[in-house]
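# Understanding the architecture of this molecule
Letter by letter, the chains look like this.
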Amino acid sequence: MAGVSLQAISKSFGDNTILKGIDVQAHSGEFMVIVGPSGCGKSTLLRIIAGLETPDGGEVIIDGERKNDTDPSKREVAMVFQNYALYPTMTVYENLAFSQRIRKRSKDEIDKRVMESAEMLKIDELLDRKPKELSGGQRQRVALGRALVRKPKVFLFDEPLSNLDAKLRQEMRLEIKKLHTQLNNTMIYVTHDQTEAMTMADRICLMNNGIIEQIGTPEELYNKPANTFVSTFIGMPPINLIDGEVCTENGSAFFISDGVRINLDKIKNIELFKDLDKHVIMGIRPENLHDNYFAEIKDPENTIKCTVDLVENLGSVALVHSHSGDAHLSATLTTEKIIHPGDSLDLIVDVNSLHFFHQETKERIKL
Amino acid sequence: MLYENRKALREVCDKYEDSHPGININLIYRETEELRSNFQSAALGGSGPELIYGPSDQVGPFAVMGIIKPLDDLFPPSFFNQFSSNAVVQFQDKTWMVGDGVGNHLMLMYNKDIVSSPPENTDEMIKIGKSLTKDLDDDGIIDQYGLVWNFTEPFFYVPWIGGFGEWFINDDGSPNLNTKSNENAFAFIKSLRDEHRIIPKECDYETANALFKTGRAAMIINGDWSWGDYRDKVDFGIAALPMVSSTGVFPTPLVSTKGYSINVHTTSEKLSHTIDLMTYLTSPEVQLHYMRRLNVQPSSLAALSHPDVQANSLLKQNAAIIKKGRPMPVVPELRAIWDALRGEYQSVLAGTKDPHTAAVESQRKAIDQIKTMNLVIEPGVQGKFIKGLLFLFIAALGIIFWIKKKIYLRSFQENKFAYLMLLPAFLGIMSVIIFPFGYNLIISLSNFSLRTFKDWEIIGFHHFASVLTDGGFYSLFGKTIIWTVVNVCFHVSLGVFLAVMINRTLPAKRTLRTLLIIPWALPQYIAALTWRGMFNQEYGSINLILNKFFNMSPIQWLSQPVEAFSACIITNIWLGFPFMMVVALGGLQSIPKEMYEASQVDGASRWQQFWNITLPMIKPVMIPAVILGTIWTFNNINVVWLVSNGGEPSDLTHILVSYVYKAAFNLYRYGYAAALSMIIFLILSMFTVSFMRRSKLDAVV
Amino acid sequence: MSKKIETLFIFSFLVLFTLATLYPALNIIGISLRTDDAFQTRSLALWTAESSFRSYFTLFLETDFLTWMKNSFLVSFVVTLTGVVLASTSGYALSRFNFMGRRAVLSSLLMTQMFPATMLLLPFFILLAKLKLINSYLGLIIIYSSTALPFCIWQMKGYYDTIPAALEEAARMDGCSRFSAFIKVILPVSSPALVITALFSFMASWSEYVVAAIVLQDPELYTLPLGLKSFQASLATQWGLYAAGAVVVSIPVTILFISLSRFLVSGLTVGSVKG
Ligand SMILES: Nc1ncnc2c1ncn2[C@@H]1O[C@H](COP(=O)(O)OP(=O)(O)OP(=O)(O)O)[C@@H](O)[C@H]1O
Ligand SMILES: [Mg+2]
């Protein structure tokens, strides 16, 4: 199996610099998800790996070989496109067989390979149909199948699921993941959906504006976001960010902003604050806020008194949007207690799950 | 040249080939007008046939352009002496053509079944004519005419000027149109039509011919070339054109010859063969063959004295008629005179000018046109300056290219594939369109015309200035705009309308759609000529239908300016709407049904749906089609030229492009025509750019 | 109910309109069935007692019509082939690649339509004479293919623009070179536009007269329009023959048009704007 390594990749379209020196490695057999907001350059990066775009600078290394100048047809890389790009004039069988015919494989071998992939994807019933006679999900499978037949070193996916409905998307997510465990190929998967990234990735590469914000396992990105951008992007519903300052009163450290006051004594490396300027951004994920009503140990020092603005019922939990002073806080709470807009609500903060970021650089402050 | 004549020529050539093994004679037939323009182009390109056979009046222009050889040095004087003087065509003291027959003159022919003896004078002609112009079945439509002929053409008209005393051209080639005789002749013809009503209201050559051949006309004025055609169909007699009663003078038909000239580009190895062939083709032997087959009056003195000729009564009569005629002038100015005369004459016939004004005007116009035709603008300082500028421009391009060569090279290497894919088409378009375009640009800055055919030079923007300061240009431009706007409006509205209609559930929808496309499929020139036939005042289906179903009196479609222009427009609308319909259909198919359903729920009426959904949705598809349609219509010469027969009446139905054609090929004003076409090009470019800007379509490119 | 009446109304209107539209075409058929002299007639009937197919017999048996037809087919076939090959390749380059000079090429393609074609004749002739291509089909074919080309390229480019680029990218990933992706994947998808391009190229050459008249001089080489025109001598047109010829000339184009009309609507992309 083969790894993919990108070194200092840069790319501009005219005056627009889309990629600004990207370094990333997908190890052999790894499922790497590239995620980021729309327009950040994910597809461009993927297309550079595929050879569909030439980078302005940097190295593309696949399986240890520099491939910058290799034609896409010779890279042994397969790609699944967002809108499937099935050949409309060919039947499903021909679509699958196309790459093999180009390579002049024998008829038997082609047949064997096509049937193998078709069975794997449960599309063996559809082989005689034309793409326009297929449903979205079926087309997606055919597109996958077309890549599978190739038995490539590396699979590339460009938002393959974004045209499917939610249920189908979930199904296909599992399917692709299963494929990965079966084949154990290197797969690079582009999406802008953080759920897909979190659920599928061995490692996530989070991009924004042509640079990489953070690379790491899903847990790393969730637990130790490198900056505010990462923290907001990963995690659903998104993290609450509150501007404030850290002060010491009577030997205790506090985070204070309009409406929020939290005792930080429980945080071990409190010294870290002291050297720094005191304006910080505090991040707290909705799932780390709890209703005081249910709390076994009350902690008045770390309770925020809020007024409820809006309640979104998600079934087992409710997403409660509230505010205290200037700070907006959303929290996922159990639906055991019915909450109405306008109610007042005491939210307990789990101090150990707090994230702090520099106000200026937005970088994470290591605790 | 008649089909029969062509066959006869082929026969004598075959004979020659048989007796001269190794020699192959290639006959290329072109109609007179085309013969002229094609041979001009061919000569300019340094090629063309060795021998050119045509009417004597082409000698002047060809000689002036220097594209035919003087014959005096090629043949011994004794050669020329064997022909009657009519047949040895001289111009500026040199001999340029030798004819194989004499004639081409007009005469009165009468159907012996209807007319017992031909009229001696015009009074008699009118009397006979009146008694023979009949409405046989009393339906208000005339079924038999006393006299028919292609009276709107100057060639068929000028004999009458002579009949009224004076001649239309002076010996030095200058026009003599501002004369009482001309006025009287104008009035005379008009009175034949409007007062005495012995000739049809509209009568072109074909109509006259058909009427006479089918016995629906008692008399016709036509030339000797038509005998062969009539021989088996009508028992006809010939006579001189009847004497004009008021003056006692016989009309003077133009007598000319058809003969051979030699291309200047004839290579020396072919020259002797060419001379030999020409000697053969003009020999008594060949002429007698023609005489027997086609009744051609020989030009060879030996042939004329042959007993067979002496015994031929038709030719005898013919010889007498020829005596009343005058030789056809060969000066190039003739064309300008024809042109000026034709316009004014047609105005008189259309009733828009009185004979006196028309006579004065035609003289003035003829003089003007001769002046412009013969004008040679000497290259002055401006010419040198422009030459320098052109040189600098090319040099600048070269320098820019040199400086940027790295960038170009890189771009080439990056997109090698794209450039390779583009290359063949690029070469084709380059040679076939860009090169001619550049050539025209240069010509438009030059003094290229009749008198500078081979040694033209760059003179500058003279032609551009004269186009833009000429009032005529603006009226032509106005007409062109009307032409374009009316056509495109109809094309689009009719096309969209039909598309919307067809796009619903209808029985036989496909068949209807297919049938409606047919006007687009028909070759344009065939369609245009068919329509011209349909617009004929008396026999055209349009007037017949209007009369039958709407009880309308016949419209003079082709001889009144406004009507003729409308006829062109109608034809072109017919030709052009299917294209827009198809484009609109394509646009309609991209509109989702839901949009209509949604608007129905909102309570929109059909009309509102059309304005608020259909139109905006097909607009992006229609706009480029409209741009293309506008360009095509603006530059569509075929329809105007063919339907109005080259701008008739009086050059009032021209649009810019047809005028370009006329200026270049009829009046030899290549430089002027090229400048005019550059201006057309600029107008259309500006239109396209601004239209695209306005409809925000730059993005397309 | 009112909907039915409306449909009936529209249908009858369309039928009437179509008949009116077809009249000129029928008219010429009518003329072709008459004798030369009966063409000036006041009868509106297409078939009269005097009508016969005589002109058609004369046309095929006594003139070189079949030779001209063969020549026309030959020329048109080659022109169509060249036109399709050139338009499909260069249209592709213009649709897919953003190379230097692309915009210039596109606008000049449009510009070529703006210059009055009549003025191109003289330079054509000079060029062909210099290249010794007078009186050869090669010269004619070069001119025909190239004059129809600008529109055809636009047309093809417009169609390619509607095909997602992912399609050939997929093909390239599957192992095709740029060219084979174009041939194997894009061309089959573009068949409606190719058909239309072929149709236009065919039409441009099939019934063209003016250029043929300056290029072809040997009667053996005449194409149909030239032959047809030779029936139409300056002062003695053989109308029956001419009309019969015109009908026969029109038939192949009309049949082509009719049989391809379903592609016309989907394949004609003058208007397609890149979205
Ligand atoms: N061929 C091109 N020419 C010019 N600009 C381009 C081109 N391709 C992409 N871009 C620009 O580069 C930027 C990044 O595009 P890219 O497709 O990589 O984004 P993305 O991260 O995949 O977004 P999405 O999630 O919407 O697919 C965008 O702003 C886009 O407009
Ligand atoms: Mg993308």
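Residues numbered from 1 in each chain as written. Chains lettered and ligands numbered in written order. Predicted model: local features only at pLDDT ≥ 70, side-chain atom pairs only at ≥ 80, totals over all residues. Heavy atoms only, no water.

## Things to note about the interface of chain C and chain A
Taken together, the contacts link 14 residues of chain C with 23 residues of chain A. In total, about 1,600 Å² of surface goes out of reach between chain C and chain A, with carbon and sulfur atoms giving 63% of it. A per-residue breakdown of the area chain C buries against chain A is headed by Arg-172, Met-173 and Asp-174 of chain C, which together make up 44% of the total. Applying the counting criterion to the chain C and chain A interface returns three salt bridges. As a salt-bridge pair, Arg-47 of chain A and Glu-169 of chain C come within 2.6 Å of each other at their nearest N and O atoms. At the surface where chain C touches chain A, the tally comes to eight residue pairs in polar contact (both at pLDDT 80 or more). (Contact = heavy atoms within 4.5 Å. Buried area = accessible area lost by both parts, 1.4 Å probe. Salt bridge = Lys/Arg side-chain N within 4 Å of Asp/Glu carboxyl O. Polar contact = N/O pair within 3.5 Å; in protein donor to acceptor, adjacent residues only side chain to side chain.)

## Observations regarding the site of ligand 1
Residues and elements named next belong to chain A. The environment of ligand 1 is formed by Phe-13, Ile-18, Ser-38, Gly-39, Cys-40, Gly-41, Lys-42, Ser-43, Thr-44, Glu-159 and His-192. With respect to ligand 1, the backbone of Gly-39 contributes an N or O atom lying 2.7 Å from an oxygen atom. With respect to ligand 1, the side chain of Lys-42 contributes an N or O atom lying 2.7 Å from an oxygen atom. Protein coverage of the free-state accessible area of ligand 1, which is 630 Å², stands at 58%. When residues of the shell around ligand 1 are assigned to their parent elements, the largest contribution, three residues, is made by helix 1 (residues 42-50). Here the residues of the shell around ligand 1 are counted per class, giving three nonpolar, six polar and two charged. (Near = heavy atom within 4 Å. Areas by Shrake-Rupley, 256 points an atom, 1.4 Å probe, with all protein chains shown as cover. Helix = DSSP H or I, 4+ residues; strand = E, 2+ residues; numbered from the N terminus. Nonpolar A, V, L, I, M, F, W, Y, C, P; charged D, E, K, R; others polar.)

## Concerning the interface of chain C and chain B
Taken together, the contacts link 112 residues of chain C with 124 residues of chain B. The interface formed by chain C and chain B holds zero salt bridges in total. Applying the counting criterion to the chain C and chain B interface returns seven residue pairs in polar contact (both at pLDDT 80 or more). With 17 residues, the single largest contributor to the side of chain C that touches chain B is helix 1 (residues 2-33) of chain C. Considered class by class, the residues forming the side of chain C that touches chain B number 73 nonpolar, 27 polar and twelve charged.

## So, the domain arrangement of chain A
All names here are of chain A. We note that the domain assignment places domain 1 (4-233) and domain 2 (240-358) within chain A. Computed from C-alpha coordinates alone, the two centres of domain 1 and domain 2 are separated by 40 Å. If you look at the interface, domain 1 gives eight residues, while domain 2 gives six residues. Carbon and sulfur atoms make up 60% of the area that domain 1 and domain 2 hide from each other, which totals about 590 Å². By the criterion of area lost to domain 2, the three top residues of domain 1 are Tyr-222, Thr-228 and Ser-231, representing 71% of everything that side buries. Inspection of the region where domain 1 meets domain 2 yields zero salt bridges. (Domains from an automatic or database assignment.)

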